[in-house]
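# Per-entry structural report
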Amino acid sequence: MLRNYSNSRTLGDNIRLGTLTAFTAGTINIASLLIFLSFTSNVTGHYAIFAAEISKGNWTQVAVVGAWIFLFFFGSFVANFFVINFNKKSKYFAHAMPIVLEIMCLLFVGIYGQVFYRKTVEETEYLVALMLFATGLQNGLTASISNFSVKTTHLTGTTTDLGILASMFTQKKYRRNPELIARAKLLSSIMLAYVLGAVFSGLTYYYLEFRVFYVISICLLVVIGYDFYTIHVRHFNTRYRYSKIYKKPSLLANLYDKIHGKSKTKEKRRLVFDD
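From a predicted model like this one, the values you see are computed outputs, not experimental measurements.

## Comments concerning the overall build of the protein chain
Scanning the protein chain from N- to C-terminus turns up 10 helices and 0 strands. The secondary structure elements of the protein chain, listed N-terminal to C-terminal, are α-α-α-α-α-α-α-α-α-α. For the protein chain, with 275 residues in total, the buried portion stands at 40%. Across the protein chain, contacts joining residues at least 24 apart in sequence account for 69% of those joining residues at least 6 apart. Per element, the accessible surface of the protein chain, about 15900 Å² overall, is 64% carbon and sulfur.

The structure is reproduced here in structure tokens:
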């Protein structure tokens, strides 16, 4: 889900990444709207507010909204910085770190909201800024590693692309194009997941309140954990099996034996082709 990069990604990789992160984005956006009366998964509306405050000469608000826009931009910058600078050393580390930073931001908002939040304007502005940085990290990461195919924190471009695809599918030749069909599946899954996340947040916020950010963090941990399993755990088991099949001692096999104990069966296993 995270380890593959750019054109090496499959449709399944993009759909899994897109649905999980779009669900979290929808949840974040509605939670921030209910708590702070502000959208935090995109900056389209903030640009309009930014321009309106400039026209009014309200420079304090111009600075606040400008900082929000910058932090979304900076989150995207940081995510892609990790991808392009650490990708050769470890793809998993490069692609997972932005998600880890996002989780840290959301956990801070959840803990602060439960323990310290007094509903002051200054607190609200700082927490909204932190959430915009977090969603900028997410959007920058998904767009960067998917070659700009997956953007999950807002649906403006997704809705536009789906409208274009729907018009193209009125012609038979486009309905048979596998690339267009795959694109439509990806965008539809992102849109559906975003809406489901928003509905979930709206239904559960009044019971969970700031604890909803813990739920979001768990969803993001699933994104990280999936690749950790496929890279490390499954690879560990594969290496262990190979070492046993070819009767070659290996560090992984010895470690496995120490953890699970050696097999009690005395009979040696033979491969079919050993006969």
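That covers the picture; the talk isn't over yet.
## Observations concerning the confidence of the model for the protein chain
Taken over all residues, the pLDDT of the protein chain has a mean of 85, while the share at 70 or more is 81%. Across residues 263-275, where pLDDT falls below 50, the model places 4 contacts with residues more than four positions away in sequence or in other chains.

## Description of the pattern of salt bridges
Scanning all chains against the criterion turns up 2 salt bridges. Here Asp13 and Arg16 are joined by a salt bridge, their closest N and O atoms 3.0 Å apart. Of this pair, Asp13 and Arg16 both sit in helix 1 (residues 11-36), 3 residues apart, roughly one helical turn. The exposure class assigned to Asp13 is buried, which follows from its relative accessible area of 5%. A relative accessible area of 32% places Arg16 in the partly exposed class.

Rules behind the numbers
- Residues numbered from 1 in each chain as written.
- Predicted model: local features only at pLDDT ≥ 70, side-chain atom pairs only at ≥ 80, totals over all residues.
- Heavy atoms only, no water.
- Helix = DSSP H or I, 4+ residues; strand = E, 2+ residues; numbered from the N terminus.
- Buried < 20%, exposed > 50% of the residue type's maximum accessible area, 1.4 Å probe, protein only.
- Contact = heavy atoms within 4.5 Å.
- Areas by Shrake-Rupley, 256 points an atom, 1.4 Å probe, with all protein chains shown as cover.
- pLDDT = per-residue confidence, 0-100.
- Salt bridge = Lys/Arg side-chain N within 4 Å of Asp/Glu carboxyl O.

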